[in-house]
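Working through the structure, step by step
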Amino acid sequence: MTHVLTLRRASGGLLAVAAGALLLTGCVPNAAPSADAIAVTASDSGCSVDAAEAASGTVTFSVQNDGSKVNEFYVLGSNQLTIVGEVENIAPGSSRDLTVQVGPGDYYTSCKPGMIGAGVGQAAFTVTGDALETTPENEAVVAQYVGYVKAQSEELLPQVQAFVDAYAAGNDAEAKRLFPLARINYERIEPTAEQFGDLDPKIDYRKPGADEEGIEFTGFHRIEMDLWNDAAVANGDYPGDPDLTPLTPEERAELGEKLVADVTELKEKVSSPDFTLTIADITEGAKGLLDEIAAPDGKLPGEENEFSHTDLYDFTANVEGAQVAFDTVRETAVANGHSDLVDELDQRFEDMFALLATYGDYDDGFVFYDTVPQSERNELAAQLNALSEPLSQLTAAVVAS
């Protein structure tokens, strides 16, 4: 599938990162390297790692790029989303090292040829041995999360381009299939996009929000309204509105090009050396993602994708994004004496993902949300509330007073 790096679930729910696994994360340039670096061969289509296991502590990967494109190498957490460490800008024919501090647990390795789109050659990597006794520094934690946001924006752009290409070509069946998949990476990092002024309104505003603020209605939901035109007309909320008129091929192309341009701008802003976040941005962003679900115009009431009814894709992506933000700061919370909160959040996330999994997944598709009865929506709301309450305590647990 094109949307790799999605969460894999066991029968019991989310495979959470083991507590204590990610103690000091990211690239560690000043750490003493392990006796034998693990060789990695990156190419335009693969990512071969010579060893699938290492002892806990300092681990160095020596990455040789045998492909024709500039490459990246990642070490990911067991949820296949959290970035433990990454090394970028590996030119063709050159090599670079990535050194990480890792505790025992399950990880994944992956390369990204061209430094955009989905990773390739993803493989399991196991770390055995004793837990590390290291308190994470805020700088390393922030760098880890910024790397995740950057990776998501890199994967978002080609997904959106494929969706727009199908839409502009008039291939409505394919565009409808791609619509919820193209939104996954965006929904995981939406609070970050909201920091860039008018980018989020351009990319993801629904019609009522655009009309209320007197701005042009563009982005994902403008295309959704056109793709599901019959449903938009039958909706009855916009009688006589000019936006109900089906767009011409030329108008489709223009609208699609604008969405790609806005997503490209988001990727460039996130990739800027000046882009950074705070610990509070990370934890409050996690809470904000759950708030996005429960909002009156959000996924839980079925208003986010009011014509396509693909809200469960967005719902799941929001929870994934919140889980990664929590996972990034978990060891800070533990170091600050909040192990009980961390354990509770691990369980609440597992419960939430297990419930969502009963409605489908990205590979096989989720049920349309208009088929979910109110009694089941109430169950989703109760599980979401059970997760939101402890998550609202995370900022206080990790931000120094």
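In every chain, residue numbers begin from 1 and rise along the written sequence. Local features in this predicted model are restricted to residues whose pLDDT is 70 or higher, and side-chain atom pairs enter the listing and the counts only when it is 80 or higher, whereas totals over whole chains, interfaces and linings include all residues. Here the side-chain values reflect all heavy atoms present in the structure, with hydrogen atoms and water set aside.

Re the state of the cysteines
Spelled out, the test is: Here, the term disulfide refers to a pair of cysteine sulfur atoms separated by no more than 2.5 Å. Here a helix means four or more residues in a row that DSSP labels H or I, a strand means two or more in a row labelled E, and each is numbered from the N terminus. When a residue's accessible area, from a 1.4 Å probe over protein chains only, is under 20% of the maximum for its type it is buried; when over 50% it is exposed; and in between it is partly exposed.
Counted according to the given criterion, the structure contains one disulfide. Each disulfide pairs two cysteine sulfurs, and for Cys 47 the partner residue is Cys 111, the sulfurs being separated by 2.0 Å. Taking the torsion about the S-S bond as the criterion, the Cys 47 to Cys 111 disulfide, at about 55 degrees, is right-handed. Linking Cys 47 in strand 4 (residues 47–49) with Cys 111 in strand 10 (residues 105–111), this pair joins segments that are 64 residues apart in sequence. Cys 111 matches Cys 47 in its accessibility class, with the two residues each being buried.

A word on the nonpolar core
Heads up, the rule is: The definition of a nonpolar core used throughout is a set of buried Ala, Val, Leu, Ile, Met, Phe, Trp, Tyr and Cys residues joined through side-chain atoms within 4.5 Å. Here a residue-residue contact requires only that any non-hydrogen atoms of the pair lie within 4.5 Å.
By size, the foremost hydrophobic cluster in this structure holds 91 residues, and its most contacted members are Phe 163, Phe 315, Val 319 and Leu 380. With 14 residues, the top contributor of residues to this core is helix 1 (residues 138–168). Excluding its chain neighbours within four sequence positions, the residues that come into contact with Leu 380 are Leu 300, Leu 312, Phe 315, Met 352, Leu 355, Leu 356, Tyr 359 and Tyr 369. Of all hydrophobic cores here, the second largest spans 22 residues; its members include Val 40, Phe 61, Val 84 and Tyr 107.

Re the environment of Ala 280
Its place among the elements puts Ala 280 in helix 10 (residues 279–294). Spatially, the C-alpha atom of Ala 280 lies 9.9 Å from that of Val 142, the residues being 138 residues apart in sequence. Ignoring sequence-local partners within four residues, the contact set of Ala 280 consists of Gly 285 and Val 399.

Here we look at the layout of surface pockets
Worth spelling out the cut-off: In this analysis a 1.4 Å probe is tested at points of a 1 Å grid over the protein atoms alone, and where it fits but cannot get out there is a cavity; an open set with protein on both sides within 12 Å along at least five of seven lines is a pocket; lining residues have an atom within 4 Å of a point. Grid points are joined across faces, edges and corners, and a volume is the space filled by probe spheres set on the points. Gly is put with the polar residues, along with every residue not named as nonpolar or charged; the nonpolar set is Ala, Val, Leu, Ile, Met, Phe, Trp, Tyr, Cys and Pro, and the charged set is Asp, Glu, Lys and Arg.
The calculated volume of the second largest pocket comes to roughly 260 Å³. Considering the residues around the second largest pocket, the lining is formed by 16 residues, among which Asp 204, Tyr 205, Arg 206, Asp 297 and Glu 304 are closest to the centre. Here the element with the most residues in the lining of the second largest pocket is helix 6 (residues 207–213); it accounts for four residues. By residue class, the composition of the lining of the second largest pocket is three nonpolar, two polar and 11 charged.

Some thoughts on the side chain of Asp 262
Along the chain, Asp 262 turns up in helix 9 (residues 249–271). When near neighbours in sequence (up to four residues on either side) are disregarded, Asp 262 contacts Leu 199, Lys 202 and Ile 203.

Focus: helix 2 (residues 172–182)
Inspection of helix 2 places Ala 175, Leu 178, Phe 179, Pro 180, Leu 181 and Ala 182 among the buried residues, and these make up the whole buried set. Residues of helix 2 that are buried make contact with helix 1, helix 3 (184–188), helix 7 (220–227) and helix 11 (311–335).

Structural notes on the sheet that holds strand 10
Which entries qualify depends on this criterion: Any two strands with at least two DSSP-identified bridges between them are counted as paired. Working convention: axes come from line fits to C-alpha atoms, limited for helices to the stretch in contact. Angles between N-to-C directions cover 0 to 180 degrees.
With respect to topology, five strands assemble into an open sheet ordered 5-11-10-7-8, the strand pairing being mixed. If you trace the sheet from one side to the other, it starts and ends with strand 5 (53–55) and strand 8 (83–90), each paired once. Taken pair by pair, the neighbouring strands of this sheet meet at an average axis angle of 20 degrees, ignoring direction. The sheet contact formed by strand 7 (residues 71–76) and strand 10 spans four bridges and is antiparallel. Bridging from a neighbouring strand, Tyr 74 pairs with Ser 110 of strand 10. Against the sheet, helix 1 makes contact with strand 7 and strand 8, and its axis sits at roughly 60 degrees relative to strand 8, the strand it touches most.

A few points about helix 12 (residues 339–357)
Every α-helix carries 3.6 residues per turn, so stepping three or four residues along brings you back to the same face. As a reminder of what qualifies: An expected span of 1.5 Å times one less than the residue number is assigned to each helix.
Given a rise of 1.5 Å per residue, 19 residues ought to cover 27 Å, and the 27 Å separating the end C-alpha atoms of helix 12 matches this to within 8%. Buried within helix 12 are the following residues: Leu 341, Val 342, Leu 345, Asp 346, Phe 349, Met 352, Phe 353, Leu 355 and Leu 356.

Describing the pattern of salt bridges
Short version of the rule: The term salt bridge refers to a side-chain nitrogen of Lys or Arg lying within 4 Å of a carboxyl oxygen of Asp or Glu.
Counting across every chain of the model gives 29 salt bridges. Here Lys 150 makes a salt bridge to Glu 154, at a shortest N to O gap of 2.7 Å. With Lys 150 and Glu 154 both in helix 1 and four residues apart, the pair spans about one turn of that helix. In this structure, Lys 150 and Glu 154 share a single accessibility class: buried. The salt bridge involving Asp 226 is made with Arg 252; its shortest N-O contact spans 3.2 Å. Highlighted residues: Asp 226 in helix 7 and Arg 252 in helix 9, separated in sequence by 26 residues.

Let's talk about the confidence of the model for the protein
We count it as follows: Confidence of the predictor in every single residue is expressed as pLDDT, which spans 0 to 100.
Scored by pLDDT, the protein comes out at a mean of 88, with 90% of its residues at no less than 70. Segment residues 1–34 is flagged for pLDDT under 50; beyond a separation of four residues in sequence, or across chains, it makes 99 contacts in the model.

Comments concerning the environment of Thr 358
For the record, the criterion: Any pair of nitrogen or oxygen atoms within 3.5 Å is treated as a polar contact; in protein, a donor-acceptor pairing is required on top of that, and neighbouring residues in sequence qualify only through side-chain atoms on both sides.
Turning to its location among the elements, Thr 358 is positioned in the loop between helix 12 and strand 12 (360–361). Judged by relative accessible area, which is 58%, Thr 358 ranks as exposed. Separated by 2.5 Å, the side chain of Thr 358 and the backbone oxygen of Leu 355 make a polar contact.

Let's talk about a negative patch on the surface
Threshold: Patches here: salt-bridge-free residues with over 30% relative accessible area, like charges joined within 9 Å, nonpolar side chains (Val, Leu, Ile, Met, Phe, Trp, Tyr) joined within 5 Å. Shrake-Rupley sampling with a 1.4 Å probe provides the accessible areas, and residues are treated as covered by the protein chains on show and by no other component. The sign given to each residue is positive for Lys and Arg and negative for Asp and Glu; His and the chain ends receive no count. Charge positions come from single atoms, namely NZ of Lys, CZ of Arg, CG of Asp or CD of Glu.
On the surface, Glu 216, Glu 250, Glu 251, Glu 254 and Glu 257 cluster together into a negatively charged patch. If you trace the backbone, Glu 257 turns up in helix 9.

Things to note about the sheet that holds strand 3 (residues 38–42)
Taking strand neighbours across the sheet as the criterion, the four strands line up as 4-3-6-9 in an open arrangement whose pairing is mixed. Edge positions in the open sheet fall to strand 4 and strand 9 (95–102), since each of these has one partner strand only. Going across the sheet, the axis of each strand differs from the next one's by a mean of 25 degrees, ignoring polarity.

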